[in-house]
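# Structure assessment
Each chain, written out:
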Amino acid sequence: MSTRTDAPTRREQILKEAARLFAERGFHGVGVDEIGAAVGISGPGLYRHFAGKDAMLAELLVGISERLLSGGRLRAEESPADPEALLASLIDSHIDFALDDRPLITLHDRELDRLRESDRKQVRRLQRHYVELWVTAVRALHPRVPESEARAAVHAVFGLLNSTPRLADRDDGPAARTATESLLRRLAHGAFAALSPPSEDGV
């Protein structure tokens, strides 16, 4: 999870509000003027930062894919000899993303096909690398599990964690967040623990 504490830049503010509005109303349901109003600048003023809505959407979806992958690689470097710690760190990091960046999950589900082909391919490429990073961690912890099964489990856990935009309880208070984090963590670890056949534990 990022430890950055300085104020977001104007560009980051624009992207955050664009993500929120696109997720709430759909890409075509939001105008440049509305995004500008949300950050306190004129619609035309946005063009000093972005060429248009398409550029914002591309930066949002490519950007989050890059951040997830770079964060995952950093965690792999920090725990090269401890697959259990690495997998726990990857899970915690993805839970932070799933709770803090819910609009981006919605955008990916609804609007990925609106990206230019080159941007869409970049997102897919980054996501494949991110998945393989998780698969490597899972198989290091469960070496007897076939690669295809480990990959299926990773995708299933992503589906579980990325369900946060559809949670019925959208109370974002500290207590609610802690409870949701704990639930998602238990479910994710439980899914991967189910990969272990009884013989691995000597039973």
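Computed from a predicted structure; not experimentally measured.

About the thresholds
- Numbers given to residues run from 1 along each chain, matching the order in which its sequence is written.
- Local features are withheld for residues below a pLDDT of 70 in this predicted model, meaning they are given only at 70 or higher, and side-chain atom pairs are given and counted only at 80 or more; totals for whole chains, interfaces and linings count all residues.
- Only hydrogens and water are removed before side-chain values are computed, so all heavy atoms of the structure are retained for them.
- The helix count covers DSSP runs of H or I at least four residues long, the strand count covers runs of E at least two residues long, and both are numbered beginning at the N terminus.
- Where each domain begins and ends follows an automated or database-derived domain assignment.
- Contacts between residues were defined by any pair of non-hydrogen atoms, one from each residue, lying within 4.5 Å.
- Reported buried area values correspond to the accessible surface (1.4 Å probe) lost by two parts on association, with both partners' losses combined.
- Burial status follows relative accessibility: with a 1.4 Å probe on protein chains alone, a residue under 20% of its type maximum counts as buried, one over 50% as exposed, and anything between as partly exposed.
- With axes taken as lines fitted to C-alpha atoms, and helix axes fitted only over the stretch in contact, angles between N-to-C directions fall between 0 and 180 degrees.
- The handedness criterion is simple: a crossing whose near helix is rotated anticlockwise from the far helix by less than a right angle is left-handed, and one whose near helix is rotated clockwise is right-handed.
- When residues are grouped by polarity, Ala, Val, Leu, Ile, Met, Phe, Trp, Tyr, Cys and Pro land in nonpolar, Asp, Glu, Lys and Arg in charged, and all others, Gly among them, in polar.
- UniProt positions are given in the numbering used here, feature names are shortened, and annotations may be inferred rather than shown by experiment.
- What makes a salt bridge here is a side-chain nitrogen of Lys or Arg within 4 Å of a carboxyl oxygen of Asp or Glu, nothing more.
- Exposure above 30% relative accessible area and the lack of any salt bridge qualify a residue for a patch; like charges then connect within 9 Å, and the nonpolar side chains Val, Leu, Ile, Met, Phe, Trp and Tyr within 5 Å.
- Reported accessibility uses the Shrake-Rupley method at a 1.4 Å probe radius. Residues are deemed covered only where the shown protein chains occlude them.
- Within this scheme the basic residues Lys and Arg register as positive and the acidic residues Asp and Glu register as negative, but His and the chain ends are omitted.
- To locate a charge, the coordinates of NZ of Lys, CZ of Arg, CG of Asp or CD of Glu are taken.
- What is meant by a nonpolar core is a set of buried Ala, Val, Leu, Ile, Met, Phe, Trp, Tyr and Cys residues, joined one to another through side-chain atoms within 4.5 Å.
- Points on a 1 Å grid over protein atoms alone make up a cavity when a 1.4 Å probe fits among them but cannot get out, and a pocket when they form an open set with protein on both sides within 12 Å along at least five of seven lines; lining residues each have an atom within 4 Å of a point.
- Grid points are joined across faces, edges and corners, and a volume is the space filled by probe spheres set on the points.

Moving on: the environment of Ala 152. Tracing the backbone shows Ala 152 in helix α7 (residues 147–161). Separated by 17 residues in the primary sequence, Ala 152 and Val 135 place their C-alpha atoms 9.1 Å from one another.

With that out of the way, let us pick up the domain arrangement of the protein chain. Domain assignment breaks the protein chain into domain 1 (9–50) and domain 2 (53–194). For domain 1 and domain 2, the distance between their C-alpha centres works out to 26 Å. Tallying the contact residues gives 16 residues for domain 1 and 14 residues for domain 2. Between domain 1 and domain 2 lies a buried interface of about 1,300 Å² when both sides are counted; carbon and sulfur atoms form 73% of it.

Right, let's get into the environment of Ala 193. Within the secondary structure, Ala 193 is located in helix α8 (residues 174–193). Classification of Ala 193 as partly exposed rests on a relative accessible area of 47%. Residues Ala 193 and Ile 95 lie 98 residues apart in sequence; the distance between their C-alpha atoms is 18 Å.

Contact pair helix α3 (residues 53–78) / helix α5 (residues 102–111): the axes reach a minimum separation of 10 Å and the direction vectors enclose 115°. Once α3 is placed against α5, the crossing between them reads as left-handed. Across the interface between the two elements, Leu 57, Leu 60, Leu 61, Ile 64 and Arg 67 of α3 pack against Leu 104, Leu 107, His 108 and Glu 111 of α5. Here the contact of α3 with α5 is built from residues that sort into 6 nonpolar, 1 polar and 2 charged.

With numbering aligned to this structure, UniProt lists the feature "DNA-binding region" (unreviewed entry) at residues 31–50. Taken end to end, residues 31–50 comprises 40% helix and 0% strand; its first and last C-alpha atoms sit 14 Å apart.

Under the criterion given, the structure shown has 15 salt bridges. Measuring nitrogen to oxygen at the nearest pair gives 2.1 Å for the salt bridge that ties Glu 34 to Arg 25. Here Glu 34 falls in the partly exposed class, since its relative accessible area comes to 32%. Where Asp 109 meets Arg 166, a salt bridge forms, and the shortest distance between an N and an O atom there is 3.8 Å.

The next thing to look at is the UniProt feature "domain: HTH tetR-type" (unreviewed entry) in the protein chain. Sites flagged by UniProt as "domain: HTH tetR-type" (unreviewed entry) map to residues 8–68. Split by type, residues 8–68 is 66% helix and 0% strand. Its first and last C-alpha atoms lie 19 Å apart.

Right, let's talk about a positive patch on the surface for a bit. Taken together, the side chains of Arg 73, Arg 124, Arg 125 and Arg 128 make up a positively charged region of the molecular surface. With 3 residues, helix α6 (residues 117–141) is the largest single contributor of residues to the positive patch. If you trace the backbone, Arg 124 turns up in helix α6.

Counting residues in hydrophobic clusters, the biggest one holds 56 residues, and the most contacted among them are Phe 22, Ile 35, Met 56, Trp 134 and Phe 192. Secondary-structure elements contributing two or more residues to this core are α1 (10–25), α2 (32–39), α3, α4 (83–100), α5, α6, α7 and α8. Of the domains in this structure, domain 1 (9–50) and domain 2 (53–194) are the two that each give at least three residues to this core. Aside from chain neighbours lying at most four places away, what touches Phe 192 is Leu 87, Ile 91, Trp 134, Val 138, His 142, Ala 153, Val 154 and Val 157.

With that out of the way, let us pick up the layout of surface pockets. As a volume, the second largest pocket reaches approximately 410 Å³. If you trace the second largest pocket, you find 20 residues lining it, with His 94, His 108, Gln 127, Phe 158 and Asn 162 closest to the centre. Elements that contribute at least two residues to the lining of the second largest pocket include exactly α3, α4, α5, α6 and α7. Residue composition of the lining of the second largest pocket, by class: 9 nonpolar, 8 polar and 3 charged.

We now examine the environment of Leu 15. Locating Leu 15 in the fold gives a position in helix α1. In this structure Leu 15 comes out as buried when scored by relative accessible area, which is 12%. Leu 15 sits 42 residues away from Leu 57 along the chain, and the two C-alpha atoms are 8.4 Å apart. Filtering out sequence-adjacent residues up to four positions away, Leu 15 remains in contact with Phe 50, Met 56, Glu 59 and Leu 60.

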